[in-house]
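A closer look at the structure
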There are 2 protein chains.
Amino acid sequence: MFDKLYVALIHYPILKKDGSIVSTAVTNFDVHDISRTCKTYNVKNYFLVTNLPAQRKIVEKVLDYWLNGYGGEFNPNRKEALEIFKIKNYLEDVIEEIEKNEGERPKIVFTSAKARNNVVSFEELKNQIKDSDHPFLILFGTGWGMPEEIREISDYDLEPIRANGEFNHLSVRAAVAITLDRLIGEIV
Amino acid sequence: MFDKLYVALIHYPILKKDGSIVSTAVTNFDVHDISRTCKTYNVKNYFLVTNLPAQRKIVEKVLDYWLNGYGGEFNPNRKEALEIFKIKNYLEDVIEEIEKNEGERPKIVFTSAKARNNVVSFEELKNQIKDSDHPFLILFGTGWGMPEEIREISDYDLEPIRANGEFNHLSVRAAVAITLDRLIGEIV
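Residues numbered from 1 in each chain as written. Chains lettered and ligands numbered in written order. Predicted model: local features only at pLDDT ≥ 70, side-chain atom pairs only at ≥ 80, totals over all residues. Heavy atoms only, no water.

1. Describing the relation of the copies chain B and chain A
Two copies of a chain can be linked by a rotation about an axis combined with a shift along that same axis. At an RMSD of 0.0 Å, chain B and chain A line up after a rotation of 180 degrees and a shift of 0.0 Å along the axis. The transformation just described matches what one would write down for a two-fold rotation axis. (Least-squares fit on C-alpha atoms with pLDDT ≥ 70 in both.)

2. What about the packing of helix α1 (residues 28–40) of chain B against helix α8 (residues 172–184) of chain B?
Residues and elements named next belong to chain B. Direction vectors running N to C along α1 and α8 enclose 10 degrees, while the axes themselves pass 10 Å from each other. Regarding the angle of α1 to α8, the classification is roughly parallel. Residue-level contacts link Phe29, Asp30, Asp33, Ile34, Thr37 and Cys38 of α1 to Val172, Arg173, Val176, Ala177 and Leu180 of α8. Broken down by class, the residue content of the contact of α1 with α8 amounts to 7 nonpolar, 1 polar and 3 charged. (Axes fitted to C-alpha atoms, helices over the stretch in contact; angles between N-to-C directions. Helix = DSSP H or I, 4+ residues; strand = E, 2+ residues; numbered from the N terminus. Parallel < 35°, antiparallel > 145°, perpendicular 65-115°, else oblique. Contact = heavy atoms within 4.5 Å. Nonpolar A, V, L, I, M, F, W, Y, C, P; charged D, E, K, R; others polar.)

3. Points about the pattern of salt bridges
Close approach of charged atoms allows side chains of opposite charge to pair. Taken as a whole and assessed by the stated rule, the structure comprises 22 salt bridges over all chains. Among the salt bridges present, the one from Arg56 of chain A reaches Glu60 of chain A, with a minimum N-O distance of 3.7 Å. Pair noted here: Arg56 of chain A and Glu60 of chain A are both in helix α2 (residues 53–67), with a separation of 4 residues, about one helical turn. The partly exposed category is assigned to Arg56 of chain A, whose relative accessible area is 24%. We note a salt bridge from Arg182 of chain A to Asp181 of chain B, for which the minimum N-O separation is 2.6 Å. Here Arg182 of chain A is found in helix α8 (residues 172–184), whereas its partner Asp181 of chain B is found in helix α8 on a different chain. (Salt bridge = Lys/Arg side-chain N within 4 Å of Asp/Glu carboxyl O. Buried < 20%, exposed > 50% of the residue type's maximum accessible area, 1.4 Å probe, protein only.)

4. Structural notes on the UniProt feature "domain: tRNA (guanine-N(1)-)-methyltransferase C-terminal" (unreviewed entry) in chain A
In the numbering adopted here, UniProt assigns the feature "domain: tRNA (guanine-N(1)-)-methyltransferase C-terminal" (unreviewed entry) to residues 4–185 of chain A. Helix makes up 43% of residues 4–185 of chain A and strand 17%. Its end C-alpha atoms lie 16 Å apart. (UniProt positions renumbered as here; feature names shortened; annotations may be inferred.)

5. Here's the deal with the side chain of Thr37 of chain A
Locating Thr37 of chain A in the fold gives a position in helix α1 (residues 28–40). With a relative accessible area of 1%, Thr37 of chain A lands in the buried category. When neighbours within four sequence positions are excluded, Thr37 of chain A is seen to be in contact with Val176, Ala177 and Leu180 of chain A together with Leu170 and Ala174 of chain B.

6. Structural notes on the pairing of strand β6 (residues 107–110) of chain B
All names here are of chain B. Bridge count between β6 and strand β7 (residues 136–141): 4 bridges; the pairing is parallel. By the bridge assignment, Ile108 is partnered in β7 with Leu137. This β-α-β element, β6 to helix α6 (residues 122–130) to β7, shows right-handed connectivity. Of the pairings in the sheet, the one linking β6 to strand β8 (residues 156–157) comprises 2 bridges and is parallel in character. Its bridge partner being in β8, Phe110 is matched across the sheet by Asp157. (Pairing = 2+ DSSP bridges. Right-handed = clockwise from strand over helix to strand, strands pointing away.)

7. With respect to the packing of α6 of chain B against α8 of chain B
Residue and element names in this part refer to chain B. Orientation of α6 relative to α8, taken along the N-to-C sense of each, is 60 degrees, at an axis distance of 8 Å. Judged by the inter-axis angle, α6 sits oblique to α8. Crossing angle aside, the handedness with which α6 passes α8 is right-handed. Counting all contacts with α6, which are made through Phe122, Leu125, Lys126 and Ile129, the residues of α8 involved are Thr179, Arg182 and Leu183. Its residues assigned to classes, the contact of α6 with α8 comprises 4 nonpolar, 1 polar and 2 charged. (Left-handed = near helix turned anticlockwise from the far one by under 90°.)

8. Comments concerning the confidence of the model for chain A
Looking at chain A, the pLDDT average stands at 96 and 100% of residues meet or exceed 70. With pTM at 0.97, the complex prediction returns an ipTM value of 0.97. (pLDDT = per-residue confidence, 0-100.)

9. Thoughts on the sheet that holds strand β7 (residues 136–141) of chain A
Residue and element names in this part refer to chain A. Pairing is parallel in the open sheet, where 6 strands are placed in the order β5-β4-β1-β7-β6-β8. Two strands lie at the open edges of the sheet, namely β5 (85–88) and β8 (156–157), each paired on one side alone. Pairing between strand β1 (residues 5–10) and strand β4 (residues 45–49): 5 bridges, direction parallel. Bridging from a neighbouring strand, Ile10 pairs with Val49 of β4. Contacts from helix α6 (residues 122–130) reach β1, β6 (107–110), β7 and β8, with the element oriented near 145 degrees to β7.

Here it is, written out as structure tokens:
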């Protein structure tokens, strides 16, 4: 069923252009746009994962404006969307919180724009989620994508969007929107 | 066919919360994210429409960094995506440019998250575009949406995304991504 879905955006550990592991910078739009998309598709929680205290401070300032400041008064929908948003230091903390909420570890879905072997199709994953009572956690990377160590702990490796196109460099914000729409669509 | 598709993001004329007509502020992400999405789905040109010279200056600064500055060197994909981007003062200028390129006025598609009568479904519009030789221009609003005067000059009024959900307040960046994916999907 589609009522135990979680999304996480990974800012650490992330691949840099040269293949090394880094923390990427958080943008306002990673918080807002993805919260609004997740809320629209009835995702239970959207987690942003960053191990950097300075990045965490920026996010908390944004949240305070929308949840407690004038932002929420001016635009109550944005406030409502941000109520499903949480920030975590590490992916392990996300998994632990879902396990606490749901009484079991979520099935983890890895996503990437790169071509890989043994990927699950959107249609197959949609059916898996629909026929299942397990919670699912869908992971999205920033920068040059998530490292192998995250793929190895994942239960599903989701096919790329438009892998046969000449150009497939969607923003992560667009990738989240398209992925949720392909998996959930108009199901409410 | 899907090879004469154009997208425009309208920053003027736009409805304000109180129903009056305003120009909305342009963000970096309106330029970047939507250019990358449009390029991924093989859109011919993505036009941003704003009548404010100050907003235009901001956009030109961003473009200069990515097209001529260090940005394009560091991230050539982003440069490639921005090559389909254009800025215009008025919607009429967009229509005129497409008419010049294609030898005919485009079929104009209006989009909105609000419920309206007589909307065309995604499936119907997809078939219309597929079976047609005409150019199509898909319009997206910012702020509280596009005014009636734009709906009146449109040929198609596209159904909202997740109109039956409890919350449908997608960012315009997410709405563009989902709309193009529903209309084009994996067709290359």
